Amino acid sequence: MQNKGLVKLFAVLFGLVSIYQLSFTFKANQIESKAEEVAINNVPETEDHYRAKRSAEELNYLDAVANDTVFNIGIAKFTYNEVKQKAMNLGLDLKGGINVILQVSVKDILKGLANHTKNPVFNKALDDASELQKDSQNTYLEDFFIAFDKIKEDTKLASPDIFYTKTLDGEIDGSMSDDEVKVVIERKIDESIVSAFEVLRKRIDEFGVTSPNIQRLGTSGRILVELPGVKDIERATALLQSTAQLEFWDAYRGEQFFGFLTQANETLKDVVDTKSESAEVESNDQEDAQEDAIDDLLGDATTDSTAVDTVNPIFDLIRGPGYQGGPIVAYFEVADKDQVLEYLNMPQVRALLPAEMRYVKFAFGKPETNSEVVGLYALAGNRDNEPQLSGAVVTDARQNYGPTGKPTVSMQMNAKGAKIWEEMTGEAFTNGSQIAIVLDNVVYSAPGVTTGPISGGNSEISGNFTLNEAIDLANVLRAGKLPASADIIQSDVVGPSLGQEAIDSGTMSFMIALALVLVWMVVYYGKGGAFADVAMLLNILLIFGILSGLGAVLTLPGIAGIVLTIGMSVDANVLIFERIREELAKGKGQKEAIQDGFSNALSSILDANITTGLTALILFVFGTGPIKGFATTLLIGIATSLFTAIFITRLLIDWYANKGGSLDFSTGITKNLFRNINIEFLKKRKLAYIISGVVIVLGLGSLFTNGLDQGVDFVGGRTYRVVFPQDVSASEIKSVLSQPDVFNSADAKTVGASNSLKITTKYKIDETGKEVDEEIRTKLFDAIQPYLGDLTYEEFIDNTNVNKVNGLMEAYKVSPTIADDIKQASFWAILGSLIVVFLYILFRFKKWQYSLGAVAAVFHDVLIVLGVFSLTYKFMPFSMEIDQAFIAAILTVIGYSLNDTVVVFDRIREYFNEHTGWDFGKVVDVSLSSTLSRTLNTSLTTLVVLLAIFFFGGDSIRGFMFALIVGVIVGTYSSLFIATPVMFDTVKRLEDKKKKN
């Protein structure tokens, strides 16, 4: 092999870079384990709500070290934030959390743009578009335009009672054609979706989730949000679904509440259990600083500094006073916000407020950059707890710059808002007070009014903004004029305990599969197998290193993809070693045999991996979430296995051979295995056709009668994974849930242990509001409560406990609309892979008969896998739902089947060119016989890997693995008895036809 030095250099560099990338993952895990340990030590189980408190304690610890140097590798130092950013991200199924697709209502946006017009043509077009969406792949806006054009007659989009309104004045006028108006509306819709996206992103940032993912999905108005690791699912769901609230409130001056805080502090001493006796006394410097802050806040009020054991619930949390005449009451640490609000909103504390302030609303501001403290505001509320002015009046907002050059946000209000704004600013000017701009209960700024009432509805918001923050706030403000609900149309909620279970089972399956493959290679190929094992271990290191470096998310199907790559990566080494054994059998010397073996195997290796890679690429393009993760790891695995098998294995073998070492690539057990085989495969093809035909007919019969167990991915619905305290009967639970007063129709299946059920229902699936989700969960709990022991509803739905063993462990929802989209995408994924593979084989082998044989074998394999699932899903002890994971399995089966077939076709082409005097039938039989060792070796190795995952990899991917196991067995069979015979028969028929002519 030439350029050995270059190969060594790349191998060392790739290995070091992979270790470097993975070191961040190990360090991040170490720090997070420390945070968990600190939380457990600080919050005993005897405390109320100890799980939530531990979670908060963990976040506090991680926040405290966020900007500290925690990792020093000599040439560079990294803070925890930097370490976490570079660490490998775990997916939802491994870490727990929530994954949702939100649909921003384009229908609502259009209504808003048209000022909620009563125009019958417009409103009928909206309704017709909603109907079209049920079977359409268009966006809602595209279907609206189609529906409008169909019924509009003389009505124009630029009509005064549709889009030629004050809201869009200057952008649309009455003379514009419909096509011109459509361009404007498309832009306004896009702006609104961007605004919704910005609101969600900012909320997620405030939520404090590590490694969140939020992205727009095309132009359909759909937004994907992934929050791995989030434990408070209820809060996260509320965060995502609640409408953005922009409000304008009159703010009190902070000093008006100094006396109230003193009274509140005294009252809370008798209410709050502070555990003062056991508390450690902080350093004198910190105490002095805190007392100074309290003295500044209270003025002449005094505190007894000698009473070190006295605990002041409010004063102990104060980190500084507000400024005289300003709206800030006091400053507190960010971590203490919830505690302070809880204290101030206690009934006995609010009773201390003067009558004119009894409706005050307390809210915190936005902390400054790199600051750990935040200001508390007191807003002038009312009986209805409604602001004097809401964000609905804002018609436009833009990022701007103030006189000092700092970023600001300018905004324009409608006539109604301008009038109220003038009154508010006039009162604020007269009283010397401020107006607080509040978004989602956070005070962004509270500017004073120094020039008198502001008329015309034009104003400017100033604050400590960065440029991006000002731009984002302008986007959020613009969203106020285009109210658009964001409904969850697909969601996947996984509890952290289920995620930990997946990590444990995934790790176990990975280690078992790896050990089996490593041992098998040594048993079969001796020293050559040991060299292949070294290359394989480097391959695994590279896969994980690349995943980490790319910032990819590791999922359970992703681990399955890596383990499958281990099984398939031996294929390249098997091809090489089998060719070397053939060359040695011809009497060639060791070095010559090694050189020729690698050269002769290269074509087959490349063809086999390219065909598999093409199907993985299509899966990556059409897949979402975990399926995309599976495709990612498979693609990376194919690339790294090619590098390690072709170059690293060769490097090690050449090194050993040059030292004078002897290599025969076999052991005493395998030396003569599969030698001198001459099976007449073609004579058995008619029997194979009959067997395959019978199996396919039985499968098709079952498909038409039994059908398939279609999961909610394809039909829509809600699925819940519930673990009971004791074993339960799935049929009994199904009967209970199918009662008319519960869901009327439901399904329950045992998944894994006998106390674990997957419950599915289509009850109210067309309704997507969070109230409906809550109603269905409540109905579920009420119906199965007799089987849950003394579990309360709160404990049933609680997802903050990593050690949770009973209750609702996972929830999955897919609306019918997105289910149809998933079905369409799956169909195109499979069809696309077949077309691409057909064209590639045609390109490589120059004869359409080869492509026909390969595609026929693939159809054969897919039909049999579908038939087996249809025949067996009713009595198998694990879930065999047809979902996105199943589509991934089908595409993997296609790739694997083609892998086998292409290797055989390569050998046929080689022998056909070498032995021109042979009959074509003999060429085919000899080719199949000569590749039988490789075919069976690779298939058995892959099967061993798949069986390891099947038995040890967890319940959630057992059906996925079963499909692959059936596919590998059938794919091996079809490459021998379907693909090649079909190719042979079509070639022979064409030759016979030519002879007759």
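The preceding data block contains the structure.
Residues numbered from 1 in each chain as written. Predicted model: local features only at pLDDT ≥ 70, side-chain atom pairs only at ≥ 80, totals over all residues. Heavy atoms only, no water.

Trainee: Would you mind going over the packing of aromatic side chains with me for this structure?
Mentor: The description of an aromatic ring pair rests on the distance of the ring centres and on the angle between the ring planes. This structure, assessed with the given rule, holds 36 aromatic pairs. One aromatic cluster is present, formed by Phe122, Phe144, Phe145, Phe148 and Phe163 through successive ring pairs. Cation over ring: Arg958 sits above Phe950, and NZ or CZ is 5.8 Å from the ring centre. (Phe/Tyr/Trp six-rings, centres within 6.5 Å; stacked < 30°, edge-to-face > 60°. Lys NZ or Arg CZ within 6 Å of the ring centre and 35° of its normal.)

Trainee: Which parts of the structure should I look at to understand unusual backbone geometry?
Mentor: Glycine aside, a negative phi is what most residues show, and trans is what most peptide bonds show. If you check the backbone angles, His116 has positive phi at about 55° while not being a glycine. As for its position among the elements, His116 is in the loop between helix 5 (106–113) and helix 6 (120–133). When its relative accessible area of 53% is taken as the criterion, His116 is described as exposed. Positive phi is not limited to glycine here, since Lys846 has a value of about 65°. (Helix = DSSP H or I, 4+ residues; strand = E, 2+ residues; numbered from the N terminus. Buried < 20%, exposed > 50% of the residue type's maximum accessible area, 1.4 Å probe, protein only.)

Trainee: So what exactly am I meant to see when it comes to the nonpolar core here?
Mentor: The tendency in soluble globular proteins is for nonpolar side chains to be buried side by side. Grouped together as the largest cluster of nonpolar side chains are 119 residues, with contacts concentrated most on Phe577, Phe886 and Ile908. With near-sequence residues (within four places) excluded, Phe886 lies in contact with Val865, Leu866, Phe869, Glu881 and Ala963. In this structure, Leu126, Tyr140, Phe148 and Ala236 belong to the second largest nonpolar core, which totals 45 residues. (Core = buried A, V, L, I, M, F, W, Y, C linked by side-chain atoms within 4.5 Å. Contact = heavy atoms within 4.5 Å.)

Trainee: What is the right way to look at the packing of helix 5 against helix 7 (residues 140–151) in this model?
Mentor: Packed helices, taken two at a time, are described by the angle between their axes plus the distance between the axes. Taken N-terminus to C-terminus, the directions of helix 5 and helix 7 make an angle of 55°; their axes are 9 Å apart at the nearest point. Between helix 5 and helix 7, the interaxial angle falls into the category oblique. As for how helix 5 packs across helix 7, the hand of that crossing is right-handed. For the pair formed by helix 5 and helix 7, the contact residues are Val106, Lys107 and Leu110 on the first element and Tyr140, Leu141 and Phe144 on the second. Partitioned by chemical class, the residues of the contact of helix 5 with helix 7 number five nonpolar, no polar and one charged. (Axes fitted to C-alpha atoms, helices over the stretch in contact; angles between N-to-C directions. Parallel < 35°, antiparallel > 145°, perpendicular 65-115°, else oblique. Left-handed = near helix turned anticlockwise from the far one by under 90°. Nonpolar A, V, L, I, M, F, W, Y, C, P; charged D, E, K, R; others polar.)

Trainee: Before we go on, may I ask you to explain the environment of Gly457 in this structure?
Mentor: For Gly457, the location among the structural elements is in the loop between strand 16 (442–445) and strand 17 (458–461). Leaving out residues up to four positions away in the same chain, Gly457 has contacts with Met411, Gln412, Met413 and Ala418.

Trainee: Would you explain helix 19 (residues 590–622) in this entry?
Mentor: Think of an α-helix as 3.6 residues a turn; residues three or four steps apart then line up on the same face. Look at helix 19: 47 Å from first C-alpha to last across 33 residues, which is about the 48 Å you get at 1.5 Å a residue. For helix 19, the principal kink sits at Leu602 and spans about 35°. (Expected span 1.5 Å × (residues − 1). Bend = angle between axes of the 7 residues up to and from the residue.)

Trainee: Please clarify how the pattern of salt bridges should be interpreted in this entry.
Mentor: Note on pairing: side chains with opposite charge can pair once their charged atoms come close. Taken as a whole and judged by the stated rule, the model has 34 salt bridges. In this structure, Lys84 engages Glu32 in a salt bridge whose closest nitrogen and oxygen atoms are separated by 2.5 Å. Within this pair, whereas Lys84 is found in helix 3 (residues 80–86), its partner Glu32 is found in helix 1 (residues 4–42), the two being separated by 52 residues in sequence. Where Arg907 meets Glu582, a salt bridge forms, and the shortest distance between an N and an O atom there is 3.2 Å. Of this pair, Arg907 sits in helix 28 (residues 884–914) while Glu582 sits in helix 18 (residues 556–585), and the two are 325 residues apart along the sequence. (Salt bridge = Lys/Arg side-chain N within 4 Å of Asp/Glu carboxyl O.)

Trainee: So what exactly am I meant to see when it comes to the pairing of strand 16 here?
Mentor: Two faces make up the sheet, and in a regular strand the side chains alternate between them. Alignment of strand 10 (residues 361–365) against strand 16, held across two bridges, turns out to be parallel. Counterpart to Phe364 in the pairing with strand 16 is Val442. Inspection of the sheet shows strand 15 (residues 434–439) paired to strand 16 by three bridges, in the antiparallel sense. Across the sheet, Leu439 pairs through a bridge with Val442, a residue of strand 16. (Pairing = 2+ DSSP bridges.)

Trainee: Help me understand the sheet that holds strand 14 (residues 407–413), please; the structure alone is not making it clear to me.
Mentor: Adjacent strands of a sheet form backbone hydrogen bonds with each other and so pair up, either parallel or antiparallel. As summarised here, the arrangement of the three strands in space is 13-14-17, forming an open sheet in which the pairing is antiparallel. Every other strand in the sheet has two partners, leaving strand 13 (394–401) and strand 17 as the edge strands with one partner each. Ignoring which end each strand starts from, the neighbouring axes of this sheet average 25° apart. The pairing of strand 13 with strand 14 spans seven bridges and is classified as antiparallel. The residue bridging Ala397 from the neighbouring strand is Met411, located in strand 14.

Trainee: Whenever I open this one, the environment of Ile185 confuses me. Can you help?
Mentor: When you line up the elements, Ile185 lands in helix 8 (residues 178–207). Looking at Ile185, the relative accessible area reads 0%, which means it is buried. Each C-alpha atom, one on Ile185 and one on Leu113, is 8.5 Å from the other, the two residues being 72 residues apart in sequence.

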